[in-house]
Amino acid sequence: LSEGSYQRKGFTVAINILVVDDSAVMRKMVIKTLRLIRGLPLGEIYEAANGQEGLKRLQEQWIDLALVDINMPVMTGEEMIQQLRQNPETKDLAVIVVSTEGSESRIEMLQRHGAGFVHKPFSPELLRKQIIELTGVSYEQEVGSGAIQSCGPDF
Amino acid sequence: MNRKLEAGLYKAAVRTFEDLSLQLPNPVLNDEQHEATLRAAVGISFEGAIRGWLILRMCGEVLPDLTASMLGEDREPSETEQQDALGEVANVICGNLLPDLVGARKICHIAAPLTLDADVQKSVRDMPEPAAAVEIGLNQGRAEVMLYIDRESSLCVGEPS
């Protein structure tokens with residue numbers, strides 16, 4: 001098992017991630033941060049500029065985790081999450097809201113939809129923690145080898 | 001202008017520049033920063049528990065460095081990327097500020113950032129005095145952050161936590 005990969009039930013898995021944000025700069029920042037997270041088994045990374053584009057990507061690609069902004073034109077992240085939860089194919093998708101949202105009531109509402117929350121600006125550590133919590137994958141560094149071992153449930 | 005409101009705005013802006021773009025803001029402007037001319041501006045409206053505008057103006061040659069720092073790239077960022085980065089900085093300042101103004105459980109909806117061209121900025125100058133305004137020194141320039149609050153929605157403003 002190479003450094004930075006996860007192992008579960010004998011298989012190495014990679015997470016396909018969808019980043020939804022109307023700011024192209026912020027999408028690049030999020031993707032850069034994902035690549036900085038040691039041990040995260042990144043698969044494909046897809047981008048969308050609003051909730052509507054995000055839902056379209058979900059229909060087109062296999063996505064394991066969506067990182068979604070809230071305040072976006074065309075379709076907000078809130079609407080996107082509500083719609084994907086109503087679709088049998090995407091209702092169980094792991095979603096983390098990455099937003100400037102500061103209202104506890106609104107954050108709690110998003111959490112009731114099963115979404116994690118990371119406040120902008122965010123650190124790689126915070127994003128990593130949320131990803132591990134939400135996807136169920138956990139890992140620990142093996143002493144000396146730098147390999148990663150996991151024990152979480154399936155996605 | 002309300003001192004507590006200014007303190008909250010300053011804190012939110014400095015934190016955003018530090019955390020989002022790894023800039024080191026300085027509170028006391030030097031001559032070069034004072035004399036820097038306006039290069040770009042963006043406005044963000046918000047409504048809900050409180051209604052108003054936040055305007056962020058960048059003076060001097062600070063936006064290219066700020067954008068490159070956000071992107072983590074050495075190349076000169078495009079104009080589009082610079083405007084995008086400016087909007088995101090304003091968005092984060094606004095998002096950090098509003099819960100302190102209205103309380104953590106109240107909801108405010110923040111609109112998408114709007115680039116302010118010369119005509120719009122002229123109309124902004126004609127607006128009444130902002131509820132709060134701060135200047136922050138950044139390298140060879142400065143950022144000006146102004147907060148406008150609709151008087152009818154400002155019942156609880158002025159007591160940031």
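Residues numbered from 1 in each chain as written. Chains lettered and ligands numbered in written order. Predicted model: local features only at pLDDT ≥ 70, side-chain atom pairs only at ≥ 80, totals over all residues. Heavy atoms only, no water.

Caption draft 1: Up close: the nonpolar core. Grouped together as the largest cluster of nonpolar side chains are 62 residues, with contacts concentrated most on Leu34 and Leu67 of chain A together with Phe17, Leu56, Met58, Ile93 and Leu147 of chain B. Take this core: its biggest share by element is 11 residues, from helix H4 (residues 79–102) of chain B. Ala48, Met80, Ile81 and Phe117 of chain A belong to the second-largest nonpolar core, a separate cluster that totals 22 residues. (Core = buried A, V, L, I, M, F, W, Y, C linked by side-chain atoms within 4.5 Å. Buried < 20%, exposed > 50% of the residue type's maximum accessible area, 1.4 Å probe, protein only. Helix = DSSP H or I, 4+ residues; strand = E, 2+ residues; numbered from the N terminus.)

Caption draft 2: Main features of the pairing of strand S5 (residues 65–68) of chain A. All names here are of chain A. Residues of S5 alternate between two faces, with Leu65 and Leu67 on one and Ala66 and Val68 on the opposite face, all of them buried. Where strand S3 (residues 15–20) lies against S5, 4 bridges are found, and the strand directions are parallel. Counterpart to leucine 18 in the pairing with S5 is alanine 66. Bridge count for S5 against strand S6 (residues 94–99) is 4 bridges, and the pairing is parallel. When the sheet's bridge partners are listed, valine 68 is paired in S6 with valine 97. Note on the crossover from S5 through helix H3 (residues 77–86) to S6: the handedness is right-handed. (Pairing = 2+ DSSP bridges. Right-handed = clockwise from strand over helix to strand, strands pointing away.)

Caption draft 3: The environment of arginine 38 of chain A, seen in detail. All names here are of chain A. By the element assignment, arginine 38 lies in the loop between helix H1 (24–36) and strand S4 (42–48). Exposure remark for arginine 38: the relative accessible area of 51% places this residue in the exposed category. Between the C-alpha atoms of arginine 38 and proline 124, which are 86 residues apart in sequence, the distance is 9.2 Å.

Caption draft 4: Region of the structure containing the sheet that holds S4 of chain A. Residues and elements named next belong to chain A. The 5 strands lie next to each other as S4-S3-S5-S6-S7, forming an open sheet whose pairing is parallel. Of all strands in the sheet, those bounded by a partner on one side alone are S4 and strand S7 (115–119). Strand-to-strand twist across the sheet, computed as the mean angle between neighbouring axes with direction ignored, equals 20°. Here S3 runs beside S4; their pairing, made up of 5 bridges, is parallel. By the bridge assignment, isoleucine 17 is partnered in S4 with isoleucine 45. On the sheet, helix H5 (residues 124–135) packs against S5, S6 and S7 and is oriented at approximately 155° with respect to S6. (Axes fitted to C-alpha atoms, helices over the stretch in contact; angles between N-to-C directions. Contact = heavy atoms within 4.5 Å.)

Caption draft 5: Seen up close, the side chain of serine 105 of chain A. Tracing the sequence through the fold places serine 105 of chain A in helix H4 (residues 104–112). Note on serine 105 of chain A: relative accessible area 19%, which makes it buried. A polar contact is formed between the side chain of serine 105 of chain A and the backbone oxygen of arginine 105 of chain B, at a distance of 2.4 Å. If near-sequence neighbours (up to four positions away) are discounted, serine 105 of chain A is found in contact with Ala104, Arg105, Lys106 and Ile107 of chain B. (Polar contact = N/O pair within 3.5 Å; in protein donor to acceptor, adjacent residues only side chain to side chain.)

Caption draft 6: View of helix H1 (residues 3–21) of chain B. Residues and elements named next belong to chain B. A rise of 1.5 Å per residue sets the reference length of H1, with its 19 residues, at 27 Å; its end C-alpha atoms lie 26 Å apart and thus fit the reference within 8%. Taken residue by residue, H1 has Leu5, Glu6, Gly8, Leu9, Ala12, Ala13, Val14, Thr16, Phe17, Leu20 and Ser21 as its buried positions. The N-cap residue of H1 is asparagine 2: its side-chain oxygen and the backbone nitrogen of lysine 4 are 2.9 Å apart. Positioned one or two residues after H1, leucine 22 has a phi angle of 55°, which is positive. (Expected span 1.5 Å × (residues − 1).)

Caption draft 7: Inspection of the interface of chain B and chain A at higher detail. Facing the 25 residues of chain B at the interface are 21 residues of chain A. Overall, the association of chain B and chain A removes approximately 2,000 Å² of surface from exposure, summing both partners, and the carbon and sulfur fraction of that is 53%. Taken as a group, Leu71, Glu88 and Arg105 of chain B account for 25% of the area that chain B buries against chain A, more than any other trio of residues on that side. Run the count over chain B and chain A and you get 4 salt bridges. The salt bridge involving lysine 28 of chain A is made with glutamate 81 of chain B; its shortest N-O contact spans 3.0 Å. Counting the contacts that link chain B with chain A gives 12 residue pairs in polar contact (both at pLDDT 80 or more). (Buried area = accessible area lost by both parts, 1.4 Å probe. Salt bridge = Lys/Arg side-chain N within 4 Å of Asp/Glu carboxyl O.)

Caption draft 8: Up close: the confidence of the model for chain A. Residue and element names in this part refer to chain A. On average, residues of chain A carry a pLDDT of 82, and 80% of them reach 70 or more. Contacts from residues 1–11, a stretch scored under 50 in pLDDT, to residues over four places away or in other chains number 36 contacts. Every residue in residues 140–155 is under pLDDT 50, and counting partners more than four places away or in other chains gives 42 contacts. (pLDDT = per-residue confidence, 0-100.)

Caption draft 9: The arrangement of unusual backbone geometry in detail. Cis geometry marks the peptide bond from lysine 120 of chain A to proline 121 of chain A; its omega dihedral reads -5°. Note that proline 121 of chain A resides in the loop between S7 and H5. Positive phi, normally seen in glycine, also occurs at valine 74 of chain A, with a value near 70°. Its place among the elements puts valine 74 of chain A in the loop between S5 and H3. Using a relative accessible area of 62% as the deciding quantity, one classes valine 74 of chain A as exposed. Residue leucine 22 of chain B is not a glycine yet carries a positive backbone phi of 55°. Within the secondary structure layout, leucine 22 of chain B lies in the loop between H1 and helix H2 (31–35).

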